[in-house]
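# Examining the three-dimensional arrangement
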Amino acid sequence: MSAEESWKVTVHAPRAVIEAALLAHEDAWDWDPEIVLSGSEVAEDRPDDWRLEAWLPRKPAKADQAAIRALFAGDAPRLEIERLPDVDWVTQSQQGLDPIRAGRFHVHDPHHAPLGLPGVRDFCIPASQAFGTGQHATTAGCLAMLTHMKAQGLVVRNLADIGTGTGLLAFAALHLWPRALATASDIDHVCLDVVHANAELNRVPLGAGAGEVTMLVADGMDHPLLQARGPYDLVIANILAGPLIGLAPDFGQSLVPGGHLLLAGLLETQEAQVRRACRRAGLRLAARLVNGDWSILWLRKRHRAGER
């Protein structure tokens, strides 16, 4: 969110109530994309006390407040509404976060030093207006799962990272499979410059050839270049449960027979819905891990019709 007028709406409720509201948000296909939601626990020593936060680039109108209230079953919750100081809240929220180790990777910001250890790839990802710095449990889980997939002997010659954010997962996958074609995409135009800057900072080649990352702006798989460069051995998508469900058929069609899909951005409570959509698209579960409240899924496309 840019340094323009910004407002926040907060709702405090038990964890189950907030998680149900987040699920309702995933099903609200007419949701205003300018209203950004998140749910989190209030404090580590109070795991059942949660809050839902909604950020808006304007003062919440009656319709905005009604849309947020509609996410909750039963009595309408109390909305705490405040105007925020004029700062970049995405960047602000990412500053001061500790580096992470996940799989064969170490992710840090410029305020922390690289590890420089043999067999560990350091990535420096500054705070930015794009999501995906690696501190989030889903991104860290993806890094761990990619490492596991490599250890299991997976061979990747052509990969795509959908909803790439900062480019981190595309960079990590290219590190593991350095001769692959790599396509990264995001619906947000801000990510173009962010990915290019991060690629330069981390010495990741940009381009259209083997061992290079091609970055583009796309809504899901809806881009002629994404379609022309497929089918893929590996598709990565760390976004949200609702879009993952909607994109499952496109993901299935974009993979080679036996191809692999890595999904994240879904709560463990949303996993069953996502897996059902993937089964209908011809994808079966190969492995899963849970990092905090989040599920990370490795799925594989059937080689032929009728395969279970």
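Residues numbered from 1 in each chain as written. Predicted model: local features only at pLDDT ≥ 70, side-chain atom pairs only at ≥ 80, totals over all residues. Heavy atoms only, no water.

What follows concerns the overall build of the chain. For the chain, the helix and strand inventory stands at 9 helices and 14 strands. For the chain, the proportion of its 308 residues judged to be buried stands at 48%. Relative to all contacts within the chain whose residues are 6 or more apart in sequence, the contacts with residues 24 or more apart total 67%. Approximately 14,400 Å² of the chain is accessible, and the part contributed by carbon and sulfur atoms is 53%. (Helix = DSSP H or I, 4+ residues; strand = E, 2+ residues; numbered from the N terminus. Buried < 20%, exposed > 50% of the residue type's maximum accessible area, 1.4 Å probe, protein only. Contact = heavy atoms within 4.5 Å. Areas by Shrake-Rupley, 256 points an atom, 1.4 Å probe, with all protein chains shown as cover.)

This part takes up the confidence of the model for the chain. Put simply, the chain has an average pLDDT of 86, and 89% of its residues get 70 or more. In the model, residues 88–96 has pLDDT below 50 throughout and makes 22 contacts with residues more than four positions away in sequence or in other chains. Here residues 129–135 scores under 50 on pLDDT; set against residues more than four positions off or in separate chains, the count is 34 contacts. (pLDDT = per-residue confidence, 0-100.)

Taken as a whole and assessed by the stated rule, the structure comprises 11 salt bridges. Two residues, K8 and E82, come together in a salt bridge whose shortest N-O distance is 3.7 Å. Of this pair, K8 sits in strand 1 (residues 6–14) while E82 sits in strand 4 (residues 80–84); the two residues are 74 residues apart in sequence, bridging distant segments of the chain. Here K8 falls in the buried class, since its relative accessible area comes to 14%. (Salt bridge = Lys/Arg side-chain N within 4 Å of Asp/Glu carboxyl O.)

Here 4 strands make up an open sheet; going across it, the order is 2-3-1-4 and the pairing antiparallel. Each end of this open sheet is capped by a strand with a single partner; those strands are strand 2 (36–43) and strand 4. Averaged over all pairs of adjacent strands, the angle between strand axes in this sheet comes to 30 degrees, irrespective of strand direction. By the bridge criterion, 7 bridges tie strand 2 to strand 3 (residues 46–56) in an arrangement that is antiparallel. Its bridge partner being in strand 3, G39 is matched across the sheet by L52. Its contacts with the sheet place helix 1 (residues 15–27) against strand 1, strand 2 and strand 3, and it is angled at close to 35 degrees to strand 3. (Pairing = 2+ DSSP bridges. Axes fitted to C-alpha atoms, helices over the stretch in contact; angles between N-to-C directions.)

Helix 5 (residues 168–176) packs onto helix 4 (residues 137–151) with a crossing angle of 15 degrees between their chain directions and a minimal axis gap of 10 Å. Relative to helix 5, the element helix 4 is oriented roughly parallel. Handedness of the crossing formed by helix 4 with helix 5: right-handed. In contact with T139, C142, L143, L146, T147 and K150 of helix 4, helix 5 contributes L168, L169, A172, A173 and L176. (Parallel < 35°, antiparallel > 145°, perpendicular 65-115°, else oblique. Left-handed = near helix turned anticlockwise from the far one by under 90°.)

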